Amino acid sequence: MRSAEKYINDVLEGKIKVSEITRLTFERHKKDLLLAPENGWYFDKKAVQKVLDFTKFLRHSPDKIKWVQFQPEPWQAAIIYILFGWKKKNGMRRFNYAYIEIPKKNGKTTFAAVFATYLLFFDGEKEAEIYFAASVEKQAKLCFSMAKKMIENSPELKKRANILTKNINIPSTYSKMEMLGRDSDTMEGINPHGAIIDEYHVWKNNEVFENIQSATVNRQQPLIIIITTAGRDKTLPCFHYRSLCIDILRGIKKQDDTFAIIYTPDKDDDWKDPATWAKANPNYGISVIPERFEAEFKGALNDTRKEISFKTKNLNIWVDAPEVWIPDDKWRRCNHKTNSELLKGQKSFWGLDLASHVDVNALA
């Protein structure tokens, strides 16, 4: 609890460097504390402590060798704090949707598994149905497998559950956890209490997501968590949802049931600066190993085709091009800061090259 509160305060006071977009999450929380009575909300620290207490039962394997007790990092504790602490006046959770966007290797899959196992075991919901959803079932298996391993290696949970190949169920509450994709046999007839939408940035359409949404209407406090990295195609559903979340954080649009946090650099940050790397990666120096990160960075410098991958996967920057045609630094060097006043009255010559298919329209 103290770790979560300290992290939130340190971000707001500038002691922890994050981007303007990341900071908006905590500014919204601070503002909500002031406006809670008039909005019919209250903040319940006991509900937060319940989730944090549950994590003590969980075991994970960060070094892939031994299984140890899961302990949320401060940024993870802060997300749990805000997401589960806010309640409506009827005692139900305020947030029914959460959008969490972070770069690779920041413990995304493990964090998703923590949410799912809590909703299955400890959320007080009878006949809870928890789904790991992806565009196809094979992708959903990654998160499901992590949750399965965590339960198998957590004795207090294992003895309460039946663990099958594609299903984990708890006989005492008639609850279950399964995978779900567009190709799943169980797409129809679901009744989700919770869902993890994995790697949303690659989803070509919203068929599975909308099916989950429409099926939660008879649940008192369902929670759908989207957890993803940035992508390369801004025409897909994820970027549209991300844009909505940013509008909500900025107060442009109002949607009180949606929590969002996006870890990414600021627009003008130098992607080559290690300070930018730490700013975008909350687990920098923990699961994100600086030496390995720098090696990936050098690979991106030496091969422009890898630059896009590094920016999207390691820095969580949306870049909608399959590869870099002209590196940013060379493009910027072409800006000669021509003074338009000096050109007035001068003779000019124009050259136009029209694109026919996937080329570039160019006017010189």
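To keep things clear, this report deals only with the structure shown in the data block. No experiment lies behind these values; they were computed from the predicted model shown.

## Thoughts on helix α9 (residues 237-249)
Taking 1.5 Å of rise per residue, the 13 residues of α9 would be expected to cover 18 Å, and the 19 Å separating its terminal C-alpha atoms lies within 8% of that figure. With 10 of its 13 residues buried, α9 lies for the most part within the structure. Listed in full, the buried residues belonging to α9 are Pro237, Cys238, Phe239, Tyr241, Arg242, Cys245, Ile246, Asp247, Ile248 and Leu249. Buried residues in α9 make contact with α2 (20-39), β5 (97-101), α8 (207-214), β11 (223-228) and β12 (258-262). Positive backbone phi, approximately 80 degrees, marks Gly251, located one or two places after α9.

## Comments concerning the sheet that holds strand β10 (residues 194-198)
One open sheet accounts for 8 strands, arranged β7-β8-β9-β6-β10-β11-β5-β12; its pairing is mixed. Two strands close off the open sheet at either side, each with one partner strand: β7 (162-163) and β12. Strand direction decides the pairing type here: β5 and β11, joined by 5 bridges, are parallel. Note that in β11 the partner of Ile100 across the bridge is Ile227.

## Examining the pattern of salt bridges
Counted according to the given criterion, the structure contains 24 salt bridges. Between Lys253 and Asp247 there is a salt bridge; the shortest N-O distance is 3.9 Å. Residue Lys253 is classed as partly exposed on the basis of its relative accessible area, which comes to 43%. Measuring nitrogen to oxygen at the nearest pair gives 2.8 Å for the salt bridge that ties Lys279 to Asp269. Of the two residues, Lys279 is situated in helix α10 (residues 274-280) and Asp269 in the loop between β12 and α10; the sequence distance between them amounts to 10 residues. Overall, Lys279 belongs to the buried group, its relative accessible area being 15%. Judged by relative accessible area, Asp269 falls into the partly exposed class, the value being 26%.

## Some words on the pairing of β10
Within β10, 5 of the 5 residues are buried, which leaves it mostly tucked inside the rest of the structure. Here β10 shows a buried face lined by Gly194, Ile196 and Asp198 and a second buried face lined by Ala195 and Ile197. In this structure, strand β6 (residues 129-133) lies alongside β10, joined through 4 bridges in parallel fashion. Among the inter-strand pairings, Phe132 is bridged to a residue of β10, identified as Ile196. The pairing of β10 with β11 spans 5 bridges and is parallel.

## Some thoughts on empty space enclosed by the protein
Inspection of the entire model under this criterion finds 1 cavity of 30 Å³ or more. If you add up the space inside the largest cavity, you get close to 40 Å³. In this structure, the largest cavity is lined by Thr25, Arg28, His29, Asp32, Ile82, Trp86, Arg94, Phe95 and Phe259. Looking at the lining of the largest cavity, the element that brings in the most residues is α2, giving 4 residues.

## Some points on the nonpolar core
Formed by 62 residues in total, the largest nonpolar core has its most connected members in Phe26, Leu83, Ile100, Phe115, Phe132, Met177 and Phe259. Looking at which element gives the most residues to this core, the answer is helix α5 (residues 108-121), with 10 residues. Dropping the residues within four chain positions of it, Ile100 is found in contact with Ile79, Phe115, Ile225, Ile226, Ile227, Thr228, Phe259 and Ile261. Core analysis: the next-biggest nonpolar cluster, separate from the first, contains 28 residues, Tyr99, Trp203, Ala230 and Trp318 among them.

## Focus on the layout of surface pockets
Estimates place the volume of the largest pocket at around 1200 Å³. Forming the walls of the largest pocket are 35 residues, and the residues nearest its centre are Lys64, Lys105, Asn106, Gly107 and Ser287. Sorting the residues of the lining of the largest pocket by element identifies β3 (68-69), α5, α6 (137-152) and α11 (290-302) as the ones contributing at least two each. With 5 residues, the top contributor of residues to the lining of the largest pocket is α6. Along the lines of polarity and charge, the residues of the lining of the largest pocket split into 10 nonpolar, 15 polar and 10 charged.

Rules used in this analysis
Here the residue numbers are simple positions, counted from 1 along each chain's written sequence. Given that the model is predicted, a residue must reach a pLDDT of at least 70 before its local features are reported, and side-chain atom pairs must reach 80 or more before they are shown or counted; all residues, however, enter totals for whole chains, interfaces and linings. Computation of side-chain values: all heavy atoms of the structure, hydrogens and water removed. Helix and strand assignments come from DSSP, with helices taken as H or I runs of at least 4 residues and strands as E runs of at least 2, each series counted from the N terminus. By this rule the span expected of a helix is its residue count minus one, scaled by 1.5 Å. The rule is simple: take the accessible area with a 1.4 Å probe, protein chains only, and divide by the maximum for that residue type; under 20% is buried, over 50% is exposed, in between is partly exposed. For this analysis, residues touch if any pair of their heavy atoms sits within 4.5 Å. Strands were regarded as paired on the criterion that DSSP finds at least two bridges between them. Put simply, a salt bridge is a Lys or Arg side-chain nitrogen that is within 4 Å of an Asp or Glu carboxyl oxygen. Both cavities and pockets are sets of points on a 1 Å grid over the protein atoms alone; in a cavity a 1.4 Å probe fits but cannot get out, in a pocket the set is open with protein on both sides within 12 Å along at least five of seven lines, and lining residues sit with an atom within 4 Å of a point. Grid points are joined across faces, edges and corners, and a volume is the space filled by probe spheres set on the points. Residues belong to a common nonpolar core when they are buried Ala, Val, Leu, Ile, Met, Phe, Trp, Tyr or Cys residues joined through side-chain atoms within 4.5 Å. Following the grouping adopted for this structure description, the nonpolar residues are Ala, Val, Leu, Ile, Met, Phe, Trp, Tyr, Cys and Pro, the charged ones are Asp, Glu, Lys and Arg, and the polar ones are all others, Gly among them.

Note that every value here comes from positions in space, so none of it alone points to a role or purpose.
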